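The chain contents come next:
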Amino acid sequence: LKTVLAIAGSLRQGSYNRLLLRAGAAVAPPGMTVVLQEGLGSIPLFDADLEGATGGGPVSVRHLRRQVASADGLLIATPEYNHSLPGLLKNAIDWLSRPAPDEVLAGKPVAVVGASGGPSGTRLAQAALRQVLYATESLVLPSPSLFARDASRLFDESGSLVDAPTRDRLASILAALGLFIDGTASLRARAPA
Ligand SMILES: Cc1cc2nc3c(=O)[nH]c(=O)nc-3n(C[C@H](O)[C@H](O)[C@H](O)COP(=O)(O)O)c2cc1C
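Caption draft 1: Region of the structure containing the pairing of strand β1 (residues 2-8). The element β1 is extensively covered by neighbouring structure, given that five of its seven residues are classed as buried. Two strands pair when backbone bridges link them, and β1 and strand β2 (residues 32-37) are joined in this way by six bridges, in the parallel orientation. Among the inter-strand pairings, Val4 is bridged to a residue of β2, identified as Val34. For the crossover from β1 across helix α1 (residues 16-26) to β2, the handedness is right-handed. In the sheet, β1 pairs with strand β3 (residues 73-77) via five bridges, with the strands oriented parallel. Following the sheet pairing, Ala8 is matched in β3 by Ala77.

Caption draft 2: Expanded view of the site of the ligand. Around the ligand, the neighbouring residues are Ser10, Arg12, Ser15, Tyr16, Asn17, Pro79, Glu80, Tyr81, Asn82, His83, Ser116 and Gly117. The side chain of Arg12 places a nitrogen or oxygen atom 2.7 Å from an oxygen atom of the ligand. Contact between the ligand and Tyr16: an oxygen atom at 2.9 Å from a main-chain N or O atom of the residue. Notes on the ligand: free accessible area 620 Å², of which the protein chains cover 68%.

Caption draft 3: Fine view of the side chain of Asp163. Along the chain, Asp163 falls in the loop between β6 (147-148) and α6 (164-183). Excluding its chain neighbours within four sequence positions, the residues that come into contact with Asp163 are Arg153 and Leu154.

Caption draft 4: Structural context of empty space enclosed by the protein. Using the criterion set out here, one finds one cavity of 30 Å³ or more in the structure. In this structure, the largest cavity occupies an estimated 50 Å³ of space. Residue lining of the largest cavity: Ile7, Leu40, Leu64, Leu74, Ile76, Leu89, Ala92, Ile93, Leu96 and Leu105, and that is the complete set. Elements supplying a minimum of two residues to the lining of the largest cavity: β3 and α4 (87-96). Per-element tally for the lining of the largest cavity: the top contributor is α4, with four residues.

Reading guide: rules and limits
- Residues numbered from 1 in each chain as written.
- Predicted model: local features only at pLDDT ≥ 70, side-chain atom pairs only at ≥ 80, totals over all residues.
- Heavy atoms only, no water.
- Buried < 20%, exposed > 50% of the residue type's maximum accessible area, 1.4 Å probe, protein only.
- Helix = DSSP H or I, 4+ residues; strand = E, 2+ residues; numbered from the N terminus.
- Pairing = 2+ DSSP bridges.
- Right-handed = clockwise from strand over helix to strand, strands pointing away.
- Near = heavy atom within 4 Å.
- Polar contact = N/O pair within 3.5 Å; in protein donor to acceptor, adjacent residues only side chain to side chain.
- Areas by Shrake-Rupley, 256 points an atom, 1.4 Å probe, with all protein chains shown as cover.
- Contact = heavy atoms within 4.5 Å.
- 1 Å grid on protein atoms, 1.4 Å probe; cavity = no way out; pocket = protein on both sides within 12 Å on 5 of 7 lines; lining within 4 Å.
- Points joined across faces, edges and corners; volume = space filled by probe spheres on them.

Note that every value here comes from positions in space, so none of it alone points to a role or purpose.
Structure (structure tokens):
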């Protein structure tokens, strides 16, 4: 069984990106479970002094680091803030990118999606997020992609994803992520120290 940790870059109660992840959990292929990560809001701003004083980060960071380490892959849904990824998400990634040799994002398969109210559907935010994940040496699924625009029309009042093409695309992305996890396994095999 594969476990995919789903991370939304928004704390908003009715976040379209979180709703997208919730919908993703329902369309995961057989043999894959999608678990929603809910703790980004409790992670403090990155501070190297705090990192040092706590031996790698406070409890909230350690918890997230363990969750990421034990997941076979990540599904990140990013909003677009001012043509980029939100600080919330960047901050969490900055914590997870350290300290050596515990960079849990290195070699981690990641699928990136995003929803926004605007017409471009987080294209620039996803490009920025991919650039950050390049620095962390994560393995980012190249395709299929999902740029969910005009997000308010994709969900009903109860928050269910009612747009069939978007649901199908999410299912395709998770199926591709499953294959990608298997196909990149040899890249994660570490030589014994
Ligand atoms: C500070 C801020 C900046 C934003 N900048 C953009 C933007 O550059 N492009 C865009 O499409 N939407 C932008 N938006 C609108 C967000 O896409 C919209 O609020 C979206 O619903 C946020 O995702 P969420 O529903 O998961 O919280 C911005 C929103 C905020 C709060």
